[in-house]
Amino acid sequence: VVMDPENGDILAMCSRPPIQGAENQQNRATRKSPNVNLQPLASMVKVVTAAAALEKDPQLINARFSCSGTLTLGANTFECAHGPHGEEDMAAAMANSCNLYFAQLAAEVGGKELLAMAKAMGLGRKFNIGLPAWEVEAGHLPELKDLATSAGLANNFAMGGNKMEGTPLQVATMLSCVANGGYYVEPRLLLAVNQDPGGPLRTPAVKRERIMGTTTAQLLARMMHMAVAAGSAGSFNHSSYPYAASALAAKTGTSDAGLPPRNYQIRWTGGFFPWRNPKYVVVYMAEVPYQWKGKVHREQIVAEIVESLAKLK
């Protein structure tokens, strides 16, 4: 999915295998496919958690938590896939995609604020973009009761667990809130509507609502750019894709392996550029058989899209 973060225009939406209307060839940009029963956001949710934290208390940008590689919360033990990282602040944790930092940050913020931010950023919404209703899904959000424990907070808002699901279009909308300086902008697919035969074409109105402060959005953009420049979202050859290396702000997400019914894994990369004054939001999601996990170079794919879009006049 490629979106304009200022007005919500969907500039490109591609799903492969090609969309032909068959039940097993659905539009993966707007709904789940039969290949997976679950479509977790995984670490993409860290953007939501950081936004909620900064809105609750801007000083949390400096909050430091320690990552020892594992964290026990109640009867649950969580692991950091990339750790241990030791003590780190929010920017370093975003660049490292540190599960344990964000588990502790989520506990500081609280379930009510986290869930409210997720909803404000477009998660859990079924967008009316002119497609048949069956072709657009709302994804799924946890309920407050799911967030009543520190383990529930960690599972959903640090690791984007199975009750935190979204579509690529929802993720593009979520990232647009950061890219445009803090506004939820409803996505638009139709260029215009002719309401009366022979009458004038009417462009759908832009629907914008401020949901976070400008400073929060700018801090998030800077952290996501650091994730590309020196973190987990920059796993591509920076010499081959120099514009993406310098201009892209992004985040990755990787779900647990073996999602039913076909043992797939969801792998995300989403971001926007130029990161200081974004014109495009780009989201890529792949359903990957676990044995193929090293063969889907998602960061490179996004970098190549970025380089191509940057050449457009």
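Calculation notes
Residues numbered from 1 in each chain as written. Predicted model: local features only at pLDDT ≥ 70, side-chain atom pairs only at ≥ 80, totals over all residues. Heavy atoms only, no water. Helix = DSSP H or I, 4+ residues; strand = E, 2+ residues; numbered from the N terminus. Rg over C-alpha atoms; globule rule 2.2 N^0.38 Å. Buried < 20%, exposed > 50% of the residue type's maximum accessible area, 1.4 Å probe, protein only. Contact = heavy atoms within 4.5 Å. Areas by Shrake-Rupley, 256 points an atom, 1.4 Å probe, with all protein chains shown as cover. Salt bridge = Lys/Arg side-chain N within 4 Å of Asp/Glu carboxyl O. Expected span 1.5 Å × (residues − 1). Phe/Tyr/Trp six-rings, centres within 6.5 Å; stacked < 30°, edge-to-face > 60°. Pairing = 2+ DSSP bridges. Polar contact = N/O pair within 3.5 Å; in protein donor to acceptor, adjacent residues only side chain to side chain. Core = buried A, V, L, I, M, F, W, Y, C linked by side-chain atoms within 4.5 Å.

Peer 1: Quick question: what am I supposed to make of the overall build of the protein chain here?
Peer 2: When helices and strands are tallied, the protein chain shows 9 helices and 13 strands. For the protein chain, the C-alpha radius of gyration of 19 Å lies close to 20 Å, the compact-globule estimate for 313 residues. Counting only C-alpha atoms and orienting by the principal axes, one finds that the protein chain spans roughly 65 × 45 × 40 Å. For the protein chain, the residues scored as buried account for 54% of the 313 residues in total. Taking contacts inside the protein chain between residues at least 6 apart in sequence as the whole, the part at least 24 apart equals 65%. Accessible surface, the protein chain: about 13800 Å² in total, of which carbon and sulfur atoms supply 50%.

Peer 1: Help me understand the pattern of salt bridges, please; the structure alone is not making it clear to me.
Peer 2: Pairs can form between side chains of opposite charge once their charged atoms are near each other. For the coordinates displayed, the defined rule picks out 11 salt bridges. The salt bridge involving Lys-207 is made with Glu-186; its shortest N-O contact spans 4.0 Å. Pair noted here: Lys-207 is in the loop between β9 (201-202) and β10 (208-210) and Glu-186 is in the loop between β7 (183-185) and β8 (193-194), with a separation of 21 residues, a long-range link. Glu-186 gets classed as partly exposed once you look at its relative accessible area, which sits at 22%.

Peer 1: What am I meant to see in helix α6 (residues 168-179) here?
Peer 2: In an α-helix, one full turn covers 3.6 residues, which means residues spaced three or four apart are oriented alike. With 12 residues, α6 extends 16 Å between its outermost C-alpha atoms, agreeing within 8% with the 16 Å of an ideal straight helix rising 1.5 Å per residue. When you tally the buried positions in α6, you get 12 out of 12 residues, the bulk of the element. Taken residue by residue, α6 has Pro-168, Leu-169, Gln-170, Val-171, Ala-172, Thr-173, Met-174, Leu-175, Ser-176, Cys-177, Val-178 and Ala-179 as its buried positions. Where α6 terminates, the next one or two residues include Gly-181, which has phi positive at roughly 95°.

Peer 1: Please clarify how the packing of aromatic side chains should be interpreted in this entry.
Peer 2: Counting across every chain of the model gives 5 aromatic pairs. Where Phe-236 meets Tyr-241, the ring centres are 6.2 Å apart and the plane angle is 80°; that geometry is what we call edge-to-face. Looking at Tyr-241, the relative accessible area reads 13%, which means it is buried. Look at Tyr-243 and Phe-273: their rings are 5.9 Å apart centre to centre, the planes differ by 85°, and that puts the pair in the edge-to-face class.

Peer 1: Is there a simple way to think about the pairing of strand β12 (residues 264-273) in this case?
Peer 2: Sheet faces and side chains relate simply in a regular strand, where the side chains alternate between the two faces. Counting buried residues along β12, 10 of its 10 residues qualify, which places the element largely inside the surrounding structure. Residues Tyr-264, Ile-266, Trp-268, Gly-270 and Phe-272 point to one face of β12 and Gln-265, Arg-267, Thr-269, Gly-271 and Phe-273 to the other, with burial holding for every one of them. Relative to β12, strand β11 (residues 249-254) runs antiparallel, the two sharing 6 bridges. From the neighbouring strand, Thr-254 faces β12, where its bridge partner is Arg-267. Strand direction decides the pairing type here: β12 and strand β13 (residues 280-289), joined by 10 bridges, are antiparallel. Of the residues in β13, the one forming a bridge with Gln-265 is Val-288. The loop that links β12 with its antiparallel partner β13 comprises 6 residues.

Peer 1: Honestly, helix α5 (residues 150-157) in this entry has me stumped. Any pointers?
Peer 2: Burial of α5 is extensive: 6 of the 8 residues sit out of reach of the surface. Of the surrounding elements, those touching the buried residues of α5 are α1 (46-56), β4 (70-73), β5 (76-79), α3 (99-109) and α4 (111-120).

Peer 1: Help me understand the side chain of Gln-39, please; the structure alone is not making it clear to me.
Peer 2: By the secondary structure assignment, Gln-39 is in the loop between β2 (10-12) and α1. Among the polar contacts listed, one links the side chain of Gln-39 to the backbone oxygen of Gly-166, at a separation of 2.9 Å. In contact with Gln-39, other than residues within four places in its own chain, are Arg-31, Lys-32, Met-164, Glu-165, Gly-166, Thr-167, Pro-168, Ile-266, Trp-268, Met-285 and Glu-287.

Peer 1: Before we go on, may I ask you to explain the side chain of Gln-170 in this structure?
Peer 2: Here Gln-170 shows up in helix α6. A relative accessible area of 0% means that Gln-170 is categorised as buried. Beyond its immediate chain neighbours, meaning those up to four positions away, Gln-170 contacts Gly-122, Leu-123, Gly-124, Arg-125, Phe-127, Glu-137, Ala-138, Gly-139 and Glu-165.

Peer 1: How do you make sense of the environment of Gly-122 when you look at a structure like this?
Peer 2: Along the polypeptide, Gly-122 turns up in the loop between α4 and α5. Not counting the four nearest positions on each side in its chain, Gly-122 is found in contact with Phe-127, Gln-170 and Tyr-184.

Peer 1: Is there a simple way to explain the environment of Arg-262 in this structure?
Peer 2: Relative to the elements of secondary structure, Arg-262 occurs in the loop between β11 and β12. For Arg-262, a relative accessible area of 48% corresponds to the partly exposed category. In this view, Arg-262 contacts Pro-34 and Asn-35; residues no more than four positions away in its chain are not counted.

Peer 1: What is the right way to read the nonpolar core from this model?
Peer 2: Grouped burial of nonpolar side chains is what soluble globular proteins tend to show. Among the nonpolar cores identified, the biggest contains 82 residues, and Met-90 and Met-121 are the most heavily contacted of them. If one sorts the elements of this core by residue count, α6 sits on top with 8 residues. Ala-244, Leu-248, Ala-303 and Val-306 belong to the second-largest nonpolar core, a separate cluster that totals 18 residues.

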